[in-house]
Amino acid sequence: MTRVARRLQGIAPTIFAEMSALAVRTSAVNLGQGFPDADGPTSAIRRAERALEGGENQYAPGPGRPELRAAVARHQERHYGVMLDPDSEVVVTTGATEAVAAAILGLVDPGDEVVVLEPFYDSYVAVLQMAGAVRRPVTLRAPAFRLDIEALAAAVTDRTRFVLLNTPHNPTGTVLDRTELEAVAALAIAHDLVVITDEVYEHLTYDVEHVPLCTLPGMAERTLTISSVGKSYSFTGWKVGWATGPADLVGAVLAAKQWLTFTSAGPLQSAVATALDTEQAWPLGLAEDLRARRDLLCAGLDSLGLPAPLPQGSYFAITDIAHLGWPDGRTFCLALPERAGVVAIPVQGFYDDAEAGRHLVRWAFCKDRSVIEEGLRRLGAADLTYR
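Residues numbered from 1 in each chain as written. Predicted model: local features only at pLDDT ≥ 70, side-chain atom pairs only at ≥ 80, totals over all residues. Heavy atoms only, no water.

A. Geometry of the overall build of the chain. The number of helices and strands found in the chain is 14 helices and 12 strands. Expected size for 387 residues packed as a compact globule is a radius of gyration near 21 Å; at 20 Å, the chain falls within 12% of this value. When burial is assessed residue by residue, the chain has 57% of its 387 residues classed as buried. Restricting the contact set of the chain to residue pairs at least 6 apart, pairs at least 24 apart contribute 75%. Roughly 15,300 Å² of accessible area belongs to the chain as shown, and the carbon and sulfur atoms make up 53% of that amount. (Helix = DSSP H or I, 4+ residues; strand = E, 2+ residues; numbered from the N terminus. Rg over C-alpha atoms; globule rule 2.2 N^0.38 Å. Buried < 20%, exposed > 50% of the residue type's maximum accessible area, 1.4 Å probe, protein only. Contact = heavy atoms within 4.5 Å. Areas by Shrake-Rupley, 256 points an atom, 1.4 Å probe, with all protein chains shown as cover.)

Right, dumping it as structure tokens:
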């Protein structure tokens, strides 16, 4: 058995695939996996069609098509005042998931400690173990899910080299505020840490501002920023993402990425450039629509005795089902399709602190209103107590 295979022993298959397959098998309403029911802007789809029909079907350059790298650089300047060289400080990846994987594999040495917020997106665990890294989790505790700055400071040791930071946060919906970000920045500067930020929900926030960490004083030179088109433009299946930042950090991502996918989605890269450059208002409209669907889902869950704190960002809301008597969220979610005809995601697998997430369940509100309403109707008609 290889060293990497040994490191991956004990990691279960992704819960998202398992629960989505369960939804299909049982014809349940899928309020689990975070993909929308509607596509993104038509102009980008038409641009993809022209690319497919116009000879853009071969390998794109390893770092990404020049027009997309330039569009990403313009996006960062337009929204955040961040100036980037598209030739050396932007790399295109197969979604944000590959960007995170390539960043960890390209930067982290075996034994390096990486501070990470839990609950964490499940791919973080796998790729950190592939790299031989040591996780140093900092728990966002229910029901507020705010960053405990003292716990963050306590997690940093003389072996810590990196922070992997997800904001807006999946699955809690927390958007780190400026005070929390300043605490991260102060620790990074004091301990000479590199911060890898996963910001795929950057445009999907509700009544709060998303502040990229790289814009704080002293952080541009030590922050690798990751995002994608998938969430903000409802093209999750296109799997086009990017990493931006200092040339040495971006170069490390490219060095690892070239041995992962090398390149992908050539025709779609051109279409993503079109979306970023010409559909700047589209994510704003999506965020307003999602706000209404968030309110619908959370109010409905509240009325059913499943109170869900209003998330500040992302696609998701979380409920605590301990009062229903279930031993844990996974048992509840596995029974839910038969009990109510609905699928949700148990959150406990996203924690090292098993007790902190034992009874938490994630619900997606990126679905059509009719789907959310039907899911709530089915939940209301079912007995959700453990028996």
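Continuing now.
B. Inspection of the pattern of salt bridges at higher detail. Per the stated rule, a full pass over the model turns up 23 salt bridges. With a closest N to O distance of 3.1 Å, arginine 46 and glutamate 49 form a salt bridge. Residue arginine 46 and its partner glutamate 49 are both found in helix H3 (residues 42–53); the two are separated by three residues, about one turn of the helix. The exposure class of arginine 46 is partly exposed, given its relative accessible area of 39%. Relative accessible area serves as the criterion here: at 35%, glutamate 49 is assigned to the partly exposed category. Between aspartate 207 and arginine 291 there is a salt bridge, with the nearest N and O atoms lying 2.6 Å from each other. In this pair, aspartate 207 sits in the loop between strand E6 (194–198) and strand E7 (223–228) while arginine 291 sits in helix H11 (residues 282–303), placing the two residues 84 residues apart along the sequence. With relative accessibility at 64%, the residue aspartate 207 sits in the exposed group. With relative accessibility at 19%, the residue arginine 291 sits in the buried group. Salt bridges linked by common partners bring Glu113, Arg136, Asp158 and Arg159 together as one network. (Salt bridge = Lys/Arg side-chain N within 4 Å of Asp/Glu carboxyl O.)

C. Local environment of the packing of aromatic side chains. The tally for this structure, following the rule as stated, stands at 10 aromatic pairs. Here tyrosine 121 and tyrosine 124 contribute two aromatic rings whose centre-to-centre distance is 6.0 Å and whose plane-to-plane angle is 75°, an arrangement assigned as edge-to-face. The structure contains a cluster of three or more aromatic residues connected by ring pairs, namely Tyr201, Tyr315 and Phe316. For the cation-ring pair, arginine 362 lies above phenylalanine 316, with the distance from its terminal atom to the ring centre recorded as 3.5 Å. (Phe/Tyr/Trp six-rings, centres within 6.5 Å; stacked < 30°, edge-to-face > 60°. Lys NZ or Arg CZ within 6 Å of the ring centre and 35° of its normal.)

D. Just the sheet that holds E7, in detail. Taking strand neighbours across the sheet as the criterion, the seven strands line up as E2-E8-E7-E6-E5-E3-E4 in an open arrangement whose pairing is mixed. What marks the edges here is a single partner per strand, and that holds for strand E2 (90–93) and strand E4 (134–139). Adjacent strand axes in the sheet meet at a mean angle of 20° when their direction is disregarded. Pairing between E6 and E7: four bridges, direction parallel. Across the sheet, aspartate 198 pairs through a bridge with isoleucine 226, a residue of E7. (Pairing = 2+ DSSP bridges. Axes fitted to C-alpha atoms, helices over the stretch in contact; angles between N-to-C directions.)

E. Local environment of the side chain of glutamate 199. Tracing the backbone through its elements, the reader meets glutamate 199 in the loop between E6 and E7. One buried charged residue, glutamate 199, forms no salt bridge at all, with the nearest opposite charge on arginine 178 at 12 Å. In this view, glutamate 199 contacts Thr167, His210, Pro212, Leu213, Thr225, Ile226 and Ser227; residues no more than four positions away in its chain are not counted. (Lys, Arg positive; Asp, Glu negative; His and termini not counted.)

F. Molecular detail of helix H2 (residues 15–26). Taking 1.5 Å of rise per residue, 12 residues should cover 16 Å, and H2 covers 16 Å from first to last C-alpha, within 8% of that figure. Taken together, the buried positions of H2 are Ile15, Phe16, Met19, Ser20, Leu22 and Ala23. Seen along its axis, H2 keeps its buried residues to an arc of 155°; they face one direction. For H2, the exposed residues set more than 90 degrees away from the buried face come down to Val24 and Arg25. In this structure, the buried side of H2 is in contact with strand E1 (29–30), helix H6 (122–130), helix H12 (329–340), strand E10 (342–343), strand E11 (345–346) and strand E12 (360–364). (Expected span 1.5 Å × (residues − 1). Arc of directions from axis to C-beta.)

G. Quick peek at the pairing of E4. The pairing of strand E3 (residues 113–118) with E4 spans six bridges and is parallel. The partner of valine 114 across the bridge, within E4, is arginine 135. One crossover worth recording links E3 to the parallel E4 by way of H6, and it is right-handed. (Right-handed = clockwise from strand over helix to strand, strands pointing away.)

H. The environment of serine 20, seen in detail. Looking at where serine 20 falls in the secondary structure, it is placed in helix H2. Considered as a pair, serine 20 and glycine 325 are 305 residues apart in the sequence and their alpha carbons are 25 Å apart. Among all residues touching serine 20, those that are not within four sequence positions of it are Asn30, Gln33 and Phe35.

I. Region of interest: the sheet that holds E11. Read from one edge of the open sheet, three strands run E9-E12-E11, paired in antiparallel fashion. Sheet topology places strand E9 (316–320) and E11 at the edges, where each strand pairs with a single neighbour. Bridge analysis of E11 against E12 gives two bridges, and the strand direction is antiparallel. Of the residues in E12, the one forming a bridge with isoleucine 345 is arginine 362.

J. How the structure looks around the environment of leucine 260. Topologically, leucine 260 is positioned in the loop between helix H9 (247–257) and helix H10 (266–278). For leucine 260, a relative accessible area of 43% translates into the label partly exposed. The spacing of leucine 260 and valine 229 is 31 residues in sequence and 20 Å in space, taken between C-alpha atoms. Each residue touching leucine 260, except ones within four places of it in the same chain, is listed here: Glu98, Ala102 and Leu105.

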